[in-house]
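Residue strings, one per chain:
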Amino acid sequence: MLQLLEEEKFDLTWRSTIYNLPKGILSFAVRASIDALPTFCNLATWGKRSSDRCKLCGKRETLHHVLNHCSVSLQQGRYTFRHNAILKHITDSIQDAIDLSQITATLYADIQGHTTNGGTLPVHILPTTQKPDLVTYLREQNTIHIQELTVPFEQNIKTSHDRKVNKYAALAADLRTGITTTLTCFEIGSRGLITPDNKSRLRTLFHVVKSKPPKNFFKDISRIAILSSYAIWNARHEPNWDSDTLL
Ligand SMILES: [Zn+2]
């Protein structure tokens, strides 16, 4: 992650975000960025623990495992909680931009209160079981923008991007036969890092509704990612997960 931060040196969002965090969370964010948290794997390496196995699933408990890769955490919705907290903030920000602009656009999102018939693509455009996270529909321009969020471990940002582009390529191609379609897949690191590529993709989400990201937009997203991951980290030895509310 330090390497990624180095590549990001022209943009100080992550650093300035973490310095505004409460002290305990700042310490988590810094130690997470250099893999110095007391995961069972690190404790075993440091000679302080004999087993490096995850209490939830039995696989090796690395930081990557806790924050992104535990099958039990996934199944219990721990990662969905983080994903949807970020998605909710993006959705609200784009909706505000639409409300303030002169443009007529409808925004659908795969979170409660923002779907259409349980999905995110209007059925009159294309009935499908696929549910991209965000869909911006501009009826007058006969244009639809499909946007998909992933929250991977920082080292996997590129792989996650390619995987999502492949996943939605066929859907975008099906749509293009009747309507102008764009596909934007973007990633927010689970430790709050937003790479320059992804900042520019996030700006695109606002450009399509003739707007710009609001002040502090990137910082707020970084912060939500770090706070959610901190909650996931703190609960790593808890067998149950209750996430009815979003951050
Ligand atoms: Zn596990």
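Remember, predicted model here, so these are calculated numbers, not experimental data.

Student: What should I look at first to understand the nonpolar core in this one?
Tutor: Within soluble globular proteins, side chains that are nonpolar generally end up buried alongside one another. Core analysis: the biggest nonpolar cluster contains 29 residues, and Ile86, Ile90, Ile94, Leu134 and Leu202 have the highest contact counts within it. Breaking this core down by element, the ones donating at least two residues are α7 (78-100), β1 (106-109), β2 (134-138), α9 (196-207) and α10 (217-234). If you tally residues by element for this core, the top one is α7, at 7 residues. Apart from the residues lying within four places of it in its own chain, the contact partners of Ile86 are Leu149, Val151, Ile188, Ile221, Ile224 and Ala225. Ranked by size, the runner-up nonpolar core spans 25 residues in total, among them Ile25, Phe81, Phe153 and Ile232.

Student: Would you mind showing me how to read the coordination of the zinc ion here?
Tutor: Coordination angles at a metal have ideal targets, namely 109.5 degrees for four tetrahedral donors and 90 or 180 degrees for six octahedral donors. For the zinc ion, every protein donor is listed as Cys54 (SG), Cys57 (SG), His65 (NE2) and Cys70 (SG), and the spread of their distances is 2.1 to 2.3 Å. Taken together, the 4 donor atoms coordinating the zinc ion and their angles of 95 to 116° define a geometry best described as tetrahedral. Coordination of the zinc ion draws on donor residues from a single chain, spaced C-x2-C-x7-H-x4-C in sequence. Residue Cys54 is found in the loop between α4 (40-45) and α5 (63-69), and its partner Cys70 is found in the loop between α5 and α6 (71-75); the two are separated by 16 residues along the sequence.

Student: Even after reading the chapter, I still don't get the sheet that holds β1, so can you show me in this structure?
Tutor: One open sheet accounts for 4 strands, arranged β1-β2-β3-β4; its pairing is mixed. At either end of the open sheet lies a strand with only one pairing partner, and these are β1 and β4 (180-187). Each adjacent strand pair in this sheet contributes to an overall mean axis angle of 15°, direction not counted. Relative to β4, strand β3 (residues 143-150) is paired through 8 bridges, and the arrangement is parallel. If you follow Thr150 over to β4, its bridge partner there is Glu187. In the packing of α7 onto the sheet, contacts are made with β1, β2, β3 and β4, and the angle to β1 comes to roughly 175°. Strands β3 and β4 of the sheet are contacted by helix α8 (residues 157-176), whose axis makes an angle of about 165° with β4.

Student: Please clarify how the pattern of salt bridges should be interpreted in this entry.
Tutor: A pair can form between side chains of opposite charge whenever their charged atoms are brought close. Scanning the model with the defined rule gives 8 salt bridges in all. With a closest N to O distance of 3.1 Å, Arg53 and Asp52 form a salt bridge. Classification of Arg53 as partly exposed rests on a relative accessible area of 41%. Since its relative accessible area comes to 17%, Asp52 is described here as buried.

Student: Explanation requested: the pairing of β3 in the structure shown.
Tutor: Along any regular strand the residues' side chains alternate between the sheet's two faces. Summarising burial for β3: 8 of the 8 residues are buried, a large majority. By the alternation rule, side chains of β3 split into Thr143, His145, Gln147 and Leu149 and Ile144, Ile146, Glu148 and Thr150, which are all buried. Strand direction decides the pairing type here: β2 and β3, joined by 5 bridges, are antiparallel. Looking across to β3, one finds that Thr136 is bridged to His145.

Student: Explain the packing of α7 against α10 to me, please; I cannot follow it from the model alone.
Tutor: The geometry of a pair of packed helices is captured by two quantities: the angle between their axes and the separation between those axes. Their axes nearest at 9 Å, the elements α7 and α10 cross at an angle of 160°. Accordingly, the angle class assigned to the pair α7 and α10 is roughly antiparallel. Seen from above, α7 lies across α10 with right-handed handedness. Every residue of α10 that contacts α7 at Arg78, Tyr79, Phe81, Arg82, Ala85, Ile86, His89, Ile90 and Ser93 is listed here: Phe217, Asp220, Ile221, Ile224, Ala225, Ser228, Ser229, Ala231 and Ile232. Looking at the contact of α7 with α10, its residues break down into 11 nonpolar, 4 polar and 3 charged.

Student: How should the packing of helix α3 (residues 23-33) against α10 be read in this particular structure?
Tutor: Interhelical geometry of α3 versus α10 gives an angle of 85° and a closest axis separation of 10 Å. On the basis of the axis angle, α3 is roughly perpendicular to α10. Packed against α3, whose contacting residues are Gly24, Ile25, Phe28 and Ala29, the element α10 presents Ile226, Leu227, Ser229, Tyr230 and Trp233 at the interface. When the residues that make up the contact of α3 with α10 are grouped by side-chain class, the tally is 7 nonpolar, 2 polar and no charged.

Student: Would you take a moment to explain a nonpolar patch on the surface for this structure?
Tutor: Together, Leu2, Val30 and Ile34 make up a nonpolar patch on the protein surface, roughly 250 Å² of accessible area in all. Inspection of the secondary structure assignment puts Val30 in helix α3. Overall, Val30 belongs to the partly exposed group, its relative accessible area being 33%.

Reading guide: rules and limits
Residues numbered from 1 in each chain as written. Predicted model: local features only at pLDDT ≥ 70, side-chain atom pairs only at ≥ 80, totals over all residues. Heavy atoms only, no water. Core = buried A, V, L, I, M, F, W, Y, C linked by side-chain atoms within 4.5 Å. Buried < 20%, exposed > 50% of the residue type's maximum accessible area, 1.4 Å probe, protein only. Helix = DSSP H or I, 4+ residues; strand = E, 2+ residues; numbered from the N terminus. Contact = heavy atoms within 4.5 Å. Donors = N, O, S within 2.8 Å, 3.2 Å for Na, K, Ca; no water. Tetrahedral: all angles 85-135°; square planar, octahedral: opposite > 155°, others 65-115°. Pairing = 2+ DSSP bridges. Axes fitted to C-alpha atoms, helices over the stretch in contact; angles between N-to-C directions. Salt bridge = Lys/Arg side-chain N within 4 Å of Asp/Glu carboxyl O. Parallel < 35°, antiparallel > 145°, perpendicular 65-115°, else oblique. Left-handed = near helix turned anticlockwise from the far one by under 90°. Nonpolar A, V, L, I, M, F, W, Y, C, P; charged D, E, K, R; others polar. Patch = residues over 30% accessible without salt bridge, like charges linked within 9 Å, V, L, I, M, F, W, Y side chains within 5 Å. Areas by Shrake-Rupley, 256 points an atom, 1.4 Å probe, with all protein chains shown as cover.

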